[in-house]
Amino acid sequence: MSDKGERIVNNETAAAAGLQAPTMRKPRKRLWNNIWRYRALYFMLLPGTLYYLIYVYAPMYGSVIAFKEYNIVKGIFGSPWADPWYKYFKAFWDSPYALQTLRNTLLISLYKLVWGMPPGIILAILLNEVRHKFFKRFVQTVSYLPHFLSMVIIYGLVIALLSQTDGLVNQWVKAWTGQPIPFLTSTDWFRTILISTGIWQHVGWSAIIYLAAIAGIDPSLYEAARSDGAGRLRMIWHITLPGIRPVILLLLVLRIGHVLDAGFEQIYIMYNVHVYPVADIIDTWVFRVGLLEMNFALATAVGLFKSVIGIVLIIGANRLAKRWEGSIW
């Protein structure tokens with residue numbers, strides 16, 4: 001009898017005797033055995049897991065404030081339920097600023113998505129084509145440094161350049177036309193300045209991500225294309241861009257999931273009352289109305305609304321990205 005036949009007979013005999021076969025381990029026991037085997041890796045994973053459990057998942061219980069007449073003295077448990085339960089969601093939509101803030105949020109996010117992704121891809125491709133290592137590293141360093149700057153510092157640079165009274169750019173404009181341009185208080189210029197400063201700050205970081213993806217492309221593909229007489233532009237179009245397509249789609253899916261997060265810190269620091277019609281987004285409105293006026297229930301309701309929309313968008317974008325091998329899960 002073969003070894004396979006002997007194992008089958010032994011298993012059947014053990015089952016008939018009411019015993020568990022040696023090869024039929026319980027899933028739970030196998031799980032704990034694997035955990036014990038890789039205990040060092042799980043131990044290193046523990047701090048990050050505890051961080052998310054304590055500071056991310058545990059506070060999610062506070063979302064019930066959106067459905068309560070929250071009183072800071074009574075607390076979450078002591079505060080009564082709102083009647084009707086959608087009271088604060090309706091209060092937001094009945095606000096005269098609801099559509100304006102939602103429109104501004106979507107437009108600014110869309111502009112950042114459309115104009116913010118291509119510069120990083122283009123810079124990464126250009127740096128990949130540079131053969132002079134010193135120049136390549138110099139450009140990488142200069143383009144990456146703004147990523148470490150605080151938005152307050154960046155706004156200080158913007159004021160130094162675009163201030164209507166003594167900004168460097170306005171000094172030139174005044175010398176040419178005799179009339180300065182109110183860049184920071186103009187509804188025509190604010191979004192352009194907002195998107196431009198965001199691109200300048202993050203283009204270096206994006207380029208590093210795409211450069212890492214380019215480094216993972218098989219060099220033999222370039223050698224085969226070069227031997228067939230393909231030029232640099234043709235190799236970029238047929239090898240480099242398809243090679244980094246999964247990374248592009250992955251970052252696109254992640255950005256779509258945050259489409260209602262138009263950048264609170266940047267806008268809150270840079271905007272003013274003159275540009276509210278084009279700059280006031282959901283987050284800044286919630287900060288003013290919900291937090292400064294101590295209306296925590298309204299702020300939580302709008303935040304919950306944003307989270308639900310974000311989940312729907314990221315799931316939908318991920319399903320579409322699966323067709324091009326760029327999904328997250």
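A quick note: this is a predicted structure, and the numbers were derived from the prediction, not measured.

Thresholds applied
- Residues numbered from 1 in each chain as written.
- Predicted model: local features only at pLDDT ≥ 70, side-chain atom pairs only at ≥ 80, totals over all residues.
- Heavy atoms only, no water.
- Core = buried A, V, L, I, M, F, W, Y, C linked by side-chain atoms within 4.5 Å.
- Buried < 20%, exposed > 50% of the residue type's maximum accessible area, 1.4 Å probe, protein only.
- Helix = DSSP H or I, 4+ residues; strand = E, 2+ residues; numbered from the N terminus.
- Contact = heavy atoms within 4.5 Å.
- Patch = residues over 30% accessible without salt bridge, like charges linked within 9 Å, V, L, I, M, F, W, Y side chains within 5 Å.
- Areas by Shrake-Rupley, 256 points an atom, 1.4 Å probe, with all protein chains shown as cover.
- Salt bridge = Lys/Arg side-chain N within 4 Å of Asp/Glu carboxyl O.
- Axes fitted to C-alpha atoms, helices over the stretch in contact; angles between N-to-C directions.
- Parallel < 35°, antiparallel > 145°, perpendicular 65-115°, else oblique.
- Left-handed = near helix turned anticlockwise from the far one by under 90°.
- pLDDT = per-residue confidence, 0-100.
- Phe/Tyr/Trp six-rings, centres within 6.5 Å; stacked < 30°, edge-to-face > 60°.

## A word on the nonpolar core
Core analysis: the largest hydrophobic core is formed by 22 residues, its most contacted members being Tyr210 and Ile244. If you list the elements that add at least two residues to this core, you get α6 (98-129), α10 (190-215), α11 (219-227) and α12 (232-257). Among residues more than four places away in sequence, those in contact with Ile244 are Ile121, Tyr210, Ala213, Ile214 and Ile217.

## Some details on a nonpolar patch on the surface
A surface patch of nonpolar side chains, about 1200 Å² in accessible area, is lined by Phe43, Leu46, Leu50, Tyr51, Tyr52, Leu53, Ile54, Tyr55, Val56, Tyr57 and Met60. Among the secondary structure elements, Leu46 is positioned in helix α3 (residues 39-57).

## Some points on the side chain of Gln201
For Gln201, the location among the structural elements is in helix α10. For Gln201, a relative accessible area of 6% gives the class buried.

## Re the packing of α12 against helix α16 (residues 296-321)
Two elements in contact, α12 and α16, have axes whose closest approach is 7 Å; the angle formed by their N-to-C orientations is 160°. As summarised for this structure, α12 and α16 are arranged roughly antiparallel, according to the angle between their axes. Crossing handedness for the pair α12 and α16: right-handed. Residues Leu249, Val253, Ile256 and Gly257 of α12 touch α16, and the partners they reach there are Gly310, Leu313, Ile314, Ala317, Asn318 and Ala321.

## Quick word on the confidence of the model for the chain
For the chain, per-residue confidence averages 86 on the pLDDT scale, and 91% of positions sit at 70 or higher. Within the model, pLDDT remains below 50 along residues 1-24, and this stretch shows 10 contacts once partners closer than five positions in the same chain are excluded.

## Things to note about the pattern of salt bridges
When their charged atoms lie close together, side chains carrying opposite charge are able to pair. All chains considered together, the criterion is met by six salt bridges. For Asp261, the salt bridge identified is with Lys306, shortest N-O distance 2.7 Å. Residue Asp261 is located in the loop between α12 and α13 (264-270), and its partner Lys306 is located in helix α16; the two are separated by 45 residues in the primary sequence. Under the relative-accessibility criterion, Asp261 is labelled partly exposed at 37%. Between Lys306 and Asp283 there is a salt bridge, with its nearest N and O atoms 2.5 Å apart. Here Asp283 lies in helix α15 (residues 282-292) and Lys306 lies in helix α16, a separation of 23 residues in the sequence. Side by side, Lys306 and Asp283 carry an identical accessibility label, which is buried. What emerges from the salt-bridge pattern is a single network uniting Asp261, Asp283 and Lys306.

## Quick look at unusual backbone geometry
Of the consecutive residues Asp83 and Pro84, the connecting peptide bond is found in the cis state with omega at 0°. Relative to the elements of secondary structure, Pro84 occurs in the loop between α4 (75-78) and α5 (87-94).

## Some points on the packing of aromatic side chains
Taken as a whole, this structure holds 19 aromatic pairs when the rule is applied. When the centroid spacing of 4.9 Å and the interplanar angle of 85° are considered together, the rings of Tyr144 and Phe148 count as edge-to-face. By relative accessible area, which is 56% here, Phe148 ends up exposed. Centroid distance Tyr144 to Trp205: 6.1 Å. Interplanar angle 25°. Geometry classified as stacked. Of this pair, Tyr144 sits in helix α7 (residues 133-144) while Trp205 sits in helix α10, and the two are 61 residues apart along the sequence. The class of Tyr144 is buried, set by a relative accessible area of 19%. Among the residues examined, Trp205 registers a relative accessible area of 38% and is labelled partly exposed. These aromatic residues form a ring-pair network of at least three members: Phe264, Tyr268, Tyr271, Tyr276 and Phe287.

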